[in-house]
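# Residue-level structure breakdown
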Amino acid sequence: MSDKRILIVDAEVIRKIEENRGDMSRSDFINFLINNSLKEEDSVKPEYITKEEFDDFQQGTRELLRNFLEFFISYGLELGKQPEDETFEELTQKLKSFGSHANNKEKKA
């Protein structure tokens, strides 16, 4: 026979237990709630990222964009076409700014 104890709780708590326990006994229902609550705490992961994770993601995205631009610029240059429009100059400037921004971040870290 199991050891039994009396637990004194507010009437509002008892009302909530009675409304939600269904066919379970009060003791089984409270035990069920406690066990599920403890399992949740062990497996809960934050639903947000840290500033460092976001900075790493942002840095990785910039690096990917820089590599992407480098590839297409070098690919175009290897074909022998020398672009002479403003778009090429804008891309070159952006590429340089991403490169310098990435270097500044690395120096700070």
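Below you will find a few notes about this structure. These numbers come from a predicted model, not from an experiment. (Residues numbered from 1 in each chain as written. Predicted model: local features only at pLDDT ≥ 70, side-chain atom pairs only at ≥ 80, totals over all residues. Heavy atoms only, no water.)

### Side note on a nonpolar patch on the surface
Together, Leu65, Phe68, Phe71, Phe72 and Tyr75 line one region of the surface with nonpolar side chains, adding up to about 520 Å² of accessible area. The exposure class assigned to Phe68 is partly exposed, which follows from its relative accessible area of 46%. (Patch = residues over 30% accessible without salt bridge, like charges linked within 9 Å, V, L, I, M, F, W, Y side chains within 5 Å. Areas by Shrake-Rupley, 256 points an atom, 1.4 Å probe, with all protein chains shown as cover. Salt bridge = Lys/Arg side-chain N within 4 Å of Asp/Glu carboxyl O. Buried < 20%, exposed > 50% of the residue type's maximum accessible area, 1.4 Å probe, protein only.)

### Re the pattern of salt bridges
One pass over the structure, following the stated rule, counts eight salt bridges. In this structure, Glu19 engages Arg15 in a salt bridge whose closest nitrogen and oxygen atoms are separated by 2.4 Å. One end of the pair, Glu19, and the other, Arg15, are both in helix 1 (residues 11–20), four residues apart, so they sit about a helical turn from each other. Here Glu19 falls in the exposed class, since its relative accessible area comes to 53%. Notably, a salt bridge pairs Glu18 with Arg21, separated by 3.0 Å at the nearest N-O pair. Glu18 gets classed as partly exposed once you look at its relative accessible area, which sits at 31%. Via salt bridges that share partners, Glu12, Arg15 and Glu19 belong to a single interconnected network. (Helix = DSSP H or I, 4+ residues; strand = E, 2+ residues; numbered from the N terminus.)

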